[in-house]
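Observations on the three-dimensional arrangement
Each chain, letter by letter, is given below.
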Amino acid sequence: MKAAVLVKNAEAHNSFEIREVDQPKAGVGQVLIKVEAFGLNFADIMARQGNYQDCPPLPAVIGYDVVGEVVEIGAGVDNVNLGDRVTAMTRFGGYAEYALTDFRACAKIAKDYPLGKATALTTQYCTAYYCFEEMLNLYEGDKVLIHAAAGGVGTALVQLAKYAGCEIFGTAGSDEKLAYLKDLGVDHPINYRAKDFEVEVRKIVGDQGLDAVFDPIGGKSVKKGLKLLGSGGRIVLFGASDMTGANIFGKIGMGLGFGFYHPVEFMLTSKGMMGVNMLRIADDRPMVLKRCLENVVKLVAEGVLNPTEAKVFSIDEIGEAHAFLEGRQSIGKVSVCW
Ligand SMILES: NC(=O)c1ccc[n+]([C@@H]2O[C@H](COP(=O)([O-])OP(=O)(O)OC[C@H]3O[C@@H](n4cnc5c(N)ncnc54)[C@H](OP(=O)(O)O)[C@@H]3O)[C@@H](O)[C@H]2O)c1
C-alpha cells in the first residue's frame, strides 16, 4: 500500500514522500480501514518540525484520524462490521491507504456524511468533548474563554459551550476568523493580535472572573488565563502551539512563560489547573475514548455538533495541506483524500 511517509523534519513541502509500505493486518480488538481521507491535526505540524515527543522515529507514518471502509476486523470487535463506513482515531499510521485502529477508537458513520467533517470527529471533537464534558462540568451562564476558537478543537469547544448555554469569549488571529466566531455564536470574539485578551475579558467579567479557560497555546497565555479565573474557575491546558517554529531560546522563554505555581495557591484561591493528552487517554483509558466518540457521534446526529470543513486536499498536495494548517489559514478541519 501507499503512505505519505514523514522522512525528515523540514518545511511542509520537503518532509513527505509517497512510498510503498507494508499493509497492516487487524489483530485482536483491531479494525483495518481502507482510508478515504485522513485528517490533519496541529500535533502533525509539531511532529513534522521535530517538536512532538510522542512521534515515532523517522521515517514514520504519522496521522491521528481517518475516515473509510472497514475491510478487516480482529477477534473481539463488536461495534463495527465489514463494509461499514467509519471515522477512527489511529495511533499514528493515518497518512496511508490502509490504517489500523483499536475498535474502541472507531465509530460507524453514515455513508453520505461529508468526509471533510468526518475526519474532525475523532481527535479534535473527542479532545474537545473530553476537555469540556469529562474534565469539567459547566452550567448555563458560566463564562468560558476558548483560545484558537476558530480551529478544529476550538470550533468543537465553542459548539459544546453554546449547547451548555455558556457565555463565550473566543480568541482568534484574524478578522476573517472573528467573523466566523460571530457566526458560530461566540458572544465576545477577540482578535488577540490587535488587542490584549486579558484586558478585553477583564473589562467584561470584572472581579467575578471566568469559570473556565481552554488553552492550547501555552506559555504566557496560561499565566494570563489563570489570572482571569474567578473563584471555582478552572483552566484546561491541552496544547503548546506557541512553541511552533521557536528556537531553543524561544522554547525556554515559553516554558518560563507558563509561570511557577505551588499547589497551595490553588487550594487557597479555589482554582484548578488540569492537563489533557488524548494519546494517554487512548492508550490507558480506551473505554473513556470510546464513550467520548459515541457521544460525539450522537451529538452530531442530533445536530448539536457540526464540524466545519476547512479544506480537503488531495494526497499529492500533502505539503500544501501542512503549510495551510501551519500558516494559521485554516478555519475548522483540514483533510487529505486519497
Ligand atoms: N492534548 C491533546 O490531546 C490535543 C488533541 C488535539 C489537539 N490538541 C491541541 O489543540 C490545539 C488545536 O489543534 P487543532 O488540530 O484543532 O488545530 P487548529 O486550532 O485547527 O489550528 C491551529 C490554530 O492555532 C492557532 N495558533 C496559535 N498559536 C499558533 C502558532 N504559534 N502557530 C500556528 N498556529 C497557532 C492558529 O489560530 P489563530 O490564527 O486564531 O491564532 C491556528 O489556526 C493545538 O495546540 C493542538 O496541539 C491537543
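Residues numbered from 1 in each chain as written. Predicted model: local features only at pLDDT ≥ 70, side-chain atom pairs only at ≥ 80, totals over all residues. Heavy atoms only, no water.

**As for the overall build of the chain**
When helices and strands are counted, the chain shows 12 helices and 15 strands. What you see for the chain is a C-alpha radius of gyration of 20 Å, in line with the 20 Å of a compact globule of 338 residues. Once the C-alpha set of the chain is aligned to its principal axes, its extents read approximately 60 × 45 × 40 Å. The 338 residues of the chain split such that 53% are buried. Partitioning the contacts of the chain with sequence separation of at least 6, the portion at a separation of at least 24 is 69%. Accessible surface, the chain: about 14,700 Å² in total, of which carbon and sulfur atoms supply 52%. With 35 positive and 41 negative side-chain charges, the chain shows a spacing of 3 Å between the two charge centroids. (Helix = DSSP H or I, 4+ residues; strand = E, 2+ residues; numbered from the N terminus. Rg over C-alpha atoms; globule rule 2.2 N^0.38 Å. Buried < 20%, exposed > 50% of the residue type's maximum accessible area, 1.4 Å probe, protein only. Contact = heavy atoms within 4.5 Å. Areas by Shrake-Rupley, 256 points an atom, 1.4 Å probe, with all protein chains shown as cover. Lys, Arg positive; Asp, Glu negative; His and termini not counted. Charge placed at Lys NZ, Arg CZ, Asp CG, Glu CD.)

**So, the domain arrangement of the chain**
Along its sequence, the chain is organised into domain 1 (2-121 + 307-337) and domain 2 (125-279). At the junction of the two partners, domain 1 supplies 18 residues and domain 2 supplies 20 residues. Between domain 1 and domain 2, a total of about 1,600 Å² is buried, with carbon and sulfur atoms accounting for 55% of that surface. For domain 1, the biggest contributors to the area lost against domain 2 are N51, R328 and I331; these three give 32% of the whole. One can count 0 salt bridges joining domain 1 with domain 2. In terms of residue class, the side of domain 1 that touches domain 2 is made up of 10 nonpolar, 5 polar and 3 charged. (Domains from an automatic or database assignment. Buried area = accessible area lost by both parts, 1.4 Å probe. Salt bridge = Lys/Arg side-chain N within 4 Å of Asp/Glu carboxyl O. Nonpolar A, V, L, I, M, F, W, Y, C, P; charged D, E, K, R; others polar.)

**Some remarks on the layout of surface pockets**
There is about 360 Å³ of room inside the second largest pocket. As for the second largest pocket, its lining consists of 24 residues, of which T90, R91, L100, T101 and D102 are closest to the centre. The element that contributes the greatest number of residues to the lining of the second largest pocket is strand β6 (residues 98-102), accounting for 5 residues. Looking at side-chain class alone, the lining of the second largest pocket contains 16 nonpolar, 4 polar and 4 charged residues. (1 Å grid on protein atoms, 1.4 Å probe; cavity = no way out; pocket = protein on both sides within 12 Å on 5 of 7 lines; lining within 4 Å. Points joined across faces, edges and corners; volume = space filled by probe spheres on them.)

**Some words on a nonpolar patch on the surface**
A cluster of nonpolar side chains, I248, F249, I252, L256 and F260, forms an exposed patch at the surface whose accessible area comes to about 610 Å². Topologically, F260 is positioned in the loop between α8 (248-257) and α9 (263-269). (Patch = residues over 30% accessible without salt bridge, like charges linked within 9 Å, V, L, I, M, F, W, Y side chains within 5 Å.)

**Describing the packing of helix α3 (residues 123-135) against helix α4 (residues 152-164)**
Put simply, α3 and α4 touch, their axes get as near as 8 Å, and they point 45 degrees apart. What the angle tells us is that α3 and α4 run oblique. In the packing of α3 onto α4, the handedness of the crossing is right-handed. Across the interface between the two elements, Q124, Y125, T127, A128, Y129, C131, F132 and E133 from α3 touch G152, V153, T155, A156, L157, Q159, L160, A161 and A164 from α4. Of the residues that constitute the contact of α3 with α4, the class distribution is 11 nonpolar, 5 polar and 1 charged. (Axes fitted to C-alpha atoms, helices over the stretch in contact; angles between N-to-C directions. Parallel < 35°, antiparallel > 145°, perpendicular 65-115°, else oblique. Left-handed = near helix turned anticlockwise from the far one by under 90°.)

**Regarding the site of the ligand**
Around the ligand lies a shell of 27 residues, among which K177, Y192, V276, M278 and R328 are the nearest. V153 is positioned with one of its backbone polar atoms (N or O) 2.9 Å from an oxygen atom of the ligand. One of the side-chain nitrogen or oxygen atoms of Y192 is found 2.4 Å away from an oxygen atom of the ligand. Protein burial of the ligand: of its 910 Å² of free accessible surface, 92% is covered by the chains. Listed by contribution, the elements that provide at least two residues to the shell around the ligand are α3, α4 and α12 (318-326). Sort the elements by how many residues they give to the shell around the ligand and α3 lands first, with 3 residues. For the shell around the ligand, the per-class residue count stands at 11 nonpolar, 12 polar and 4 charged. Each of domain 1 (2-121 + 307-337) and domain 2 (125-279) accounts for three or more of the residues forming the shell around the ligand. (Near = heavy atom within 4 Å. Polar contact = N/O pair within 3.5 Å; in protein donor to acceptor, adjacent residues only side chain to side chain.)

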